[in-house]
Amino acid sequence: MDFALSEEQAAFKKSVFDFAKKELDPRGAGSHSAMFEREKQSAFFEEGFKKCAEFGILSLPIPEEYGGLGRDVIDCTLAMQALGEACPDSGLLFTVSSHVFTCEIPLLLFGSAEQKQRYLPRMVTGELIGCHAMSEPEAGSDAFSIRTTAELRDGKYYLNGSKTFISNAPIAGLFLVFATTDRKKGWAGVTGFLVERGQKGLTVGKPLDKMGLKTSPTGEVTLEDVEVDPSMILGRKGQGSAIFNAEMEWERSCLFAIHLGTMQRQLATTVAYVKDRKQFGQSIGSFQAVSHKIADMRVRIELGELILYKVAWMKSRGMRASLESAISKLFVSESYVQSSLDAVQLRGGYGYMSEYEVERDVRDAIGSRIYSGTNEIQKNIIASLLGL
Amino acid sequence: MTTEDILKGYFSEKSDKAKDLGPTDSLLEKGLLDSMALVKLIVFLEERFGIVLGDEEFDPDNFETLDAIAKLIEAKRA
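Rules and cut-offs
- Residues numbered from 1 in each chain as written.
- Chains lettered and ligands numbered in written order.
- Predicted model: local features only at pLDDT ≥ 70, side-chain atom pairs only at ≥ 80, totals over all residues.
- Heavy atoms only, no water.
- Domains from an automatic or database assignment.
- Contact = heavy atoms within 4.5 Å.
- Buried area = accessible area lost by both parts, 1.4 Å probe.
- Salt bridge = Lys/Arg side-chain N within 4 Å of Asp/Glu carboxyl O.
- Polar contact = N/O pair within 3.5 Å; in protein donor to acceptor, adjacent residues only side chain to side chain.
- Helix = DSSP H or I, 4+ residues; strand = E, 2+ residues; numbered from the N terminus.
- Nonpolar A, V, L, I, M, F, W, Y, C, P; charged D, E, K, R; others polar.
- Pairing = 2+ DSSP bridges.
- Core = buried A, V, L, I, M, F, W, Y, C linked by side-chain atoms within 4.5 Å.
- Buried < 20%, exposed > 50% of the residue type's maximum accessible area, 1.4 Å probe, protein only.

1. Some points on the domain arrangement of chain A
Accessible area lost upon the coming together of the parts is a frequently used measure of interface size.
Residues and elements named next belong to chain A.
So, point 1. Along its sequence, chain A is organised into domain 1 (7-124), domain 2 (130-237) and domain 3 (241-385).
So, point 2. On a C-alpha basis, the centres of domain 1 and domain 3 stand 20 Å from each other.
So, point 3. Every contact between the two is made by 29 residues of domain 1 and, on the other side, 30 residues of domain 3.
So, point 4. Together domain 1 and domain 3 conceal approximately 2,700 Å² of surface at their shared face, both sides included; 66% is due to carbon and sulfur atoms.
So, point 5. Applying the counting criterion to the domain 1 and domain 3 interface returns 1 salt bridge.
So, point 6. For E39, the salt bridge is made with R363, and the minimal N-O distance between the two is 2.9 Å.
So, point 7. There are 8 residue pairs in polar contact (both at pLDDT 80 or more) connecting domain 1 and domain 3.
So, point 8. Within the residue set of the side of domain 1 that touches domain 3, elements represented by two or more residues are α2 (34-40), α4 (73-86) and α5 (90-110).
So, point 9. Counted by class, the side of domain 1 that touches domain 3 contains 17 nonpolar, 8 polar and 4 charged residues.

As structure tokens, this is what we get:
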């Protein structure tokens, strides 16, 4: 057993941190970060996305033959953690994660040689942004009960249905759309289709206004008789659930590593604050009511890192991590919410004010309990794998 | 005990619906294999038979019947 990162892994993680600190955290007007201003306008940080592409973030797990870096899941986890720690724009990082782990990864794992060659080289450069269209108004946690249909007529599939809460939809050029070819079959009838923006019948709604992650565009997608050639099926007919499960394990490692990084940033700034802030003639950090909260924040980071690294380690060895990734998702997201609340509470009234840029973390964190499978579903998975 | 016997025992333990399950009966049509049950089954198969199933093997055809699952296991062990 070895808990240490190798020298190469540590150096790689630091290089990502240094990049993000330099390029993804620009100052805005006055004392605010540029992020503060972007969030007010729910504006996507397009330049930051391009910088991520230039540095290689969008190509991390993609093999060199498609223009990628060919990094393994451990390196991806470390990179995402470093991004979360250095970059305050959680919306940008959410967009990056959706692009890489819920669109590039399914293409890499299940795509035909032609599909990979056609899309991955443009996705790693950021020229083509991907999105993952699964959720529907009537199909959230019960993901495989989707109503979007794929009907085969005269050798072509025709997609009809509505998708909602689709991350990146307003800016995406490629849509991985899940549809059912036979609703009676449930999960076994779900198939993934690749659909390009501009195809007749595909409509993207206006960006949805959200509680947090405001700089990550989210939208609705409507499909009305969208004609798709069978060659645009991702994997095989009926393999939609396999695609979905595989990418979720990646997302539950890498997206939540971003949140772990954010928690590390929160801890550092909060420790500095409680040392500096004086009440009753002394630093508030000297009061146990404060220092115990700080200790709790540190404990969450330590345990979150252990389970995240374990999942990455298992996946890098080809081991199934259904149980561990559910535990990881559940633990890290709950920790993220609680640590964000603690960071606000320890700053008192200042924490509650938007301009101090801590309350944003709370709003961003709440979503982590919901996406990638709600925490209630993660508990179902954990209990189920215990034979219940 | 054959692979099919082990599989039948697994499903029988989970549900009464598997009592008269034949080797070519559809597990989906009998309501024995929803998406959550599939995840559990995969974990069971990997532990019980010492195999590792790749993402591409999560194909509905491989899990349609006891016969199909048994063939998948035998192919992985070959």
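2. Description of the pairing of strand β2 (residues 149-153) of chain A
Residue and element names in this part refer to chain A.
So, point 1. Note: β2 against strand β3 (residues 156-167), 5 bridges, orientation antiparallel. If you follow T149 over to β3, its bridge partner there is N160.
So, point 2. The antiparallel hairpin formed by β2 and β3 contains 2 residues in its connecting segment, where D154 sits at a positive phi of about 50°.

3. Here's the deal with the nonpolar core
So, point 1. Of all hydrophobic cores here, the largest spans 134 residues; its most connected members are L159(A), F11(B) and F63(B).
So, point 2. Counting residues per element, this core draws most heavily on helix α7 (residues 240-276) of chain A, which supplies 16 residues.
So, point 3. In contact with F11(B), other than residues within four places in its own chain, are A18(B), L21(B), L27(B), L32(B), L33(B), L41(B), L66(B) and I69(B).
So, point 4. In terms of nonpolar packing, the next biggest core, distinct from the first, is built from 5 residues, A326(A), I377(A), I381(A) and I382(A) among them.

4. Brief notes about the interface of chain B and chain A
So, point 1. Facing the 19 residues of chain B at the interface are 19 residues of chain A.
So, point 2. With both sides pooled, the region where chain B packs onto chain A buries about 1,700 Å², and carbon together with sulfur makes up 62% of that total.
So, point 3. At the boundary of chain B and chain A, one finds 2 salt bridges.
So, point 4. Notably, a salt bridge pairs R320(A) with E46(B), separated by 3.0 Å at the nearest N-O pair.
So, point 5. The interface formed by chain B and chain A includes 7 residue pairs in polar contact (both at pLDDT 80 or more).
So, point 6. Looking at the side of chain B that touches chain A, its residues break down into 12 nonpolar, 1 polar and 6 charged.

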